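# Analysis of the macromolecular model
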Amino acid sequence: MAVKIIVDKDKCIGCGKCYDVCAKAPLIWKVDENGKYYAYDTKYCHNCKLCAGRCPKDAIKIIVL
Ligand code: SF4
Ligand code: SF4
């Protein structure tokens, strides 16, 4: 399954909850120079949507390609 994860950097507060909840976090998530999280490699994502559900700012959108 191919997915695209879009993080709205204007909304992201860098809390890391997306990372904490993701079972594959070290393979998928990274932090940019401004402390904002982004999905670096989504091929390991199994579309569980836990990250989007946990984000307190509703900053994560997951699109199935
Ligand atoms: S949908 Fe699930 S596997 Fe994919 S990045 Fe979010 S928490 Fe991780
Ligand atoms: S859970 Fe949401 S606000 Fe927190 S770091 Fe992840 S994308 Fe940013």
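Here the structure is a predicted model, which is why all the values come from computation and not from measurement. (Residues numbered from 1 in each chain as written. Chains lettered and ligands numbered in written order. Predicted model: local features only at pLDDT ≥ 70, side-chain atom pairs only at ≥ 80, totals over all residues. Heavy atoms only, no water.)

Right, let's get into unusual backbone geometry. Positioned with a positive phi, Asn47 is a non-glycine residue whose angle comes to about 60°. Assignment of secondary structure puts Asn47 in the loop between strand 3 (37–39) and helix 3 (50–54). One non-glycine residue, Asp58, lies in positive phi territory at about 50°. Residue position: Asp58 is located in the loop between helix 3 and strand 4 (60–64). (Helix = DSSP H or I, 4+ residues; strand = E, 2+ residues; numbered from the N terminus.)

With 18 residues, the main nonpolar core has Ile5, Trp29, Cys51 and Ile60 as its most contacted residues. Mapped by element, the contributors of at least two residues to this core are strand 1 (3–7), helix 1 (17–21), helix 2 (25–28), strand 3 and strand 4. For this core, the leading source of residues is strand 1, giving three residues. If we skip the residues at most four places from it in the chain, Cys51 touches Cys18, Val21, Trp29, Ile60 and Ile62. (Core = buried A, V, L, I, M, F, W, Y, C linked by side-chain atoms within 4.5 Å. Buried < 20%, exposed > 50% of the residue type's maximum accessible area, 1.4 Å probe, protein only. Contact = heavy atoms within 4.5 Å.)

In the vicinity of ligand 1, the contacting residues are Ile5, Cys22, Trp29, Cys45, His46, Asn47, Cys48, Lys49, Cys51 and Ile62. In terms of residue class, the shell around ligand 1 is built from seven nonpolar, two polar and one charged. (Near = heavy atom within 4 Å. Nonpolar A, V, L, I, M, F, W, Y, C, P; charged D, E, K, R; others polar.)

Topologically, Thr42 is positioned in the loop between strand 3 and helix 3. Of note is the side chain of Thr42, whose polar atom sits 2.9 Å from the backbone oxygen of Val3. Discounting chain neighbours no more than four positions away, the residues touching Thr42 are Val3 and Ile5. (Polar contact = N/O pair within 3.5 Å; in protein donor to acceptor, adjacent residues only side chain to side chain.)

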